[in-house]
Amino acid sequence: YWEVRLADIDVDGTPLRVCPPAGCKLAVDSGTSLFTGPSVAVRELTASLRSRLGPYCDLSRMPTLTFRVGGHNFEFAPSDYVMRTGVAPASHCSVAFMALDVPPPRGPLWVLGDVFMRKYVTIFDRDHQRIGFALARHPHVDPPPPANRSSVEAALKRGAAAEAAWMASAASAG
């Protein structure tokens, strides 16, 4: 995975204060399906989210979540982080978070997995030890995103993405 710093997570603009002033360790990992984080923080967040969701998967009551990373805000609407299985009225909903306690020195650690990368194209630039993010385009809504890094970089330069960010990676490990 690649590691950067998480400043905090906001719920409808209100900081959760899950990180110290210097930030939290944050991994971006394509081998992780969900958002993960220290169990105490994740349990508090998911309990709050589940209580708003209610028994009928009411997304209109759910907040926008914002991950503040490297001076950029990465927003997630309820449809991005609530997973629905089955068909209404027998459907079941869950939030895309899982507790994961990583002991020091690697942790505590938050992880942005596939849920993050489904919304934000993620470019792992090993040559420059940096990671880049841009709002993804999906085939059912927009043309497919460019297939290689240089064409993604060109798209970012011409402003094809609503949010684009490059940040240095503190570490890259497999």
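We now turn to the structure provided with this report. (Residues numbered from 1 in each chain as written. Predicted model: local features only at pLDDT ≥ 70, side-chain atom pairs only at ≥ 80, totals over all residues. Heavy atoms only, no water.)

## Describing helix α1 (residues 39-53)
Over its 15 residues, α1 extends 20 Å from the first C-alpha to the last, a length consistent with the 21 Å expected when each residue adds 1.5 Å. Along α1, the positions that sit buried rather than exposed are Ser39, Ala41, Val42, Leu45, Thr46, Leu49 and Leu53. Looking straight down α1, one finds its buried side chains confined to an arc of 150°; they lie on one side. With respect to the buried face of α1, the exposed residues turned more than 90 degrees away are Val40, Arg43 and Glu44. Looking at the residues trailing α1, positive phi occurs at Gly54, about 70°. (Helix = DSSP H or I, 4+ residues; strand = E, 2+ residues; numbered from the N terminus. Expected span 1.5 Å × (residues − 1). Buried < 20%, exposed > 50% of the residue type's maximum accessible area, 1.4 Å probe, protein only. Arc of directions from axis to C-beta.)

## Digging into the pattern of salt bridges
Pairing is possible between side chains of opposite charge, provided their charged atoms come close. On inspection of all chains with the given rule, the structure shows 5 salt bridges. A salt bridge links Arg68 to Asp10, with the shortest nitrogen-to-oxygen separation between them at 3.2 Å. Here Asp10 lies in strand β1 (residues 2-11) and Arg68 lies in strand β5 (residues 65-69), a separation of 58 residues in the sequence. In this structure Arg68 comes out as partly exposed when scored by relative accessible area, which is 26%. (Salt bridge = Lys/Arg side-chain N within 4 Å of Asp/Glu carboxyl O.)

## Focus on the nonpolar core
Among the nonpolar cores identified, the biggest contains 37 residues, and Leu6, Phe35, Phe67, Phe76, Tyr81 and Phe116 are the most heavily contacted of them. Residue contacts for Phe116: discarding those within four places in its chain leaves Phe35, Phe74, Phe76, Thr122 and Phe133. (Core = buried A, V, L, I, M, F, W, Y, C linked by side-chain atoms within 4.5 Å. Contact = heavy atoms within 4.5 Å.)

## Section: the state of the cysteines
Overall, the coordinates contain 2 disulfides when judged by the stated rule. The side chain of Cys19 participates in a disulfide bridge whose partner is Cys24; the two sulfur atoms lie 2.1 Å from each other. Between Cys19 and Cys24, the disulfide has an S-S torsion of -120° and is therefore left-handed. Each member of the pair Cys19 and Cys24 is classed as buried. Residue pairing for Cys57: its cysteine sulfur links by disulfide to Cys93, the two sulfurs lying 2.1 Å apart. Taking the torsion about the sulfur-sulfur bond, which here is approximately 125°, the covalent link between Cys57 and Cys93 counts as right-handed. With Cys57 in the loop between α1 and β5 and Cys93 in strand β8 (residues 92-95), this pair connects stretches of sequence that are 36 residues apart. Each bonded cysteine in the chain gets a number by its place in the sequence, and the pairs come out as 1-2, 3-4. (Disulfide = S-S within 2.5 Å.)

## A look at the pairing of β8
The two faces of a sheet get side chains in turn, since along a regular strand they alternate between them. With burial as the criterion, only one face of β8 is covered, namely that bearing Cys93 and Val95; the residues His92 and Ser94 on the opposite face remain uncovered. By the bridge criterion, 4 bridges tie strand β7 (residues 82-85) to β8 in an arrangement that is antiparallel. The partner of Val82 across the bridge, within β8, is Val95. (Pairing = 2+ DSSP bridges.)

## A few points about unusual backbone geometry
With an omega of 10°, the peptide bond between Pro104 and Pro105 qualifies as cis. Mapped onto the secondary structure, Pro105 falls in the loop between β9 (97-99) and β10 (109-112). In this structure, the amide linkage connecting Gly107 to the following residue, Pro108, adopts the cis form with an omega of 0°. For Asp12, which is not glycine, the phi torsion reads 50° and is therefore positive. Along the chain, the position of Asp12 falls in the loop between β1 and β2 (14-15).

## So, the side chain of Asp8
Residue position: Asp8 is located in strand β1. A polar atom in the side chain of Asp8 sits 2.8 Å from the backbone nitrogen of Arg17. From its side chain, Asp8 meets the backbone nitrogen of Val18 in a polar contact 3.1 Å long. For Asp8, the contacting residues outside a window of four places in its chain are Pro15, Leu16, Arg17, Val18, Cys19, Thr66, Phe67 and Arg68. (Polar contact = N/O pair within 3.5 Å; in protein donor to acceptor, adjacent residues only side chain to side chain.)

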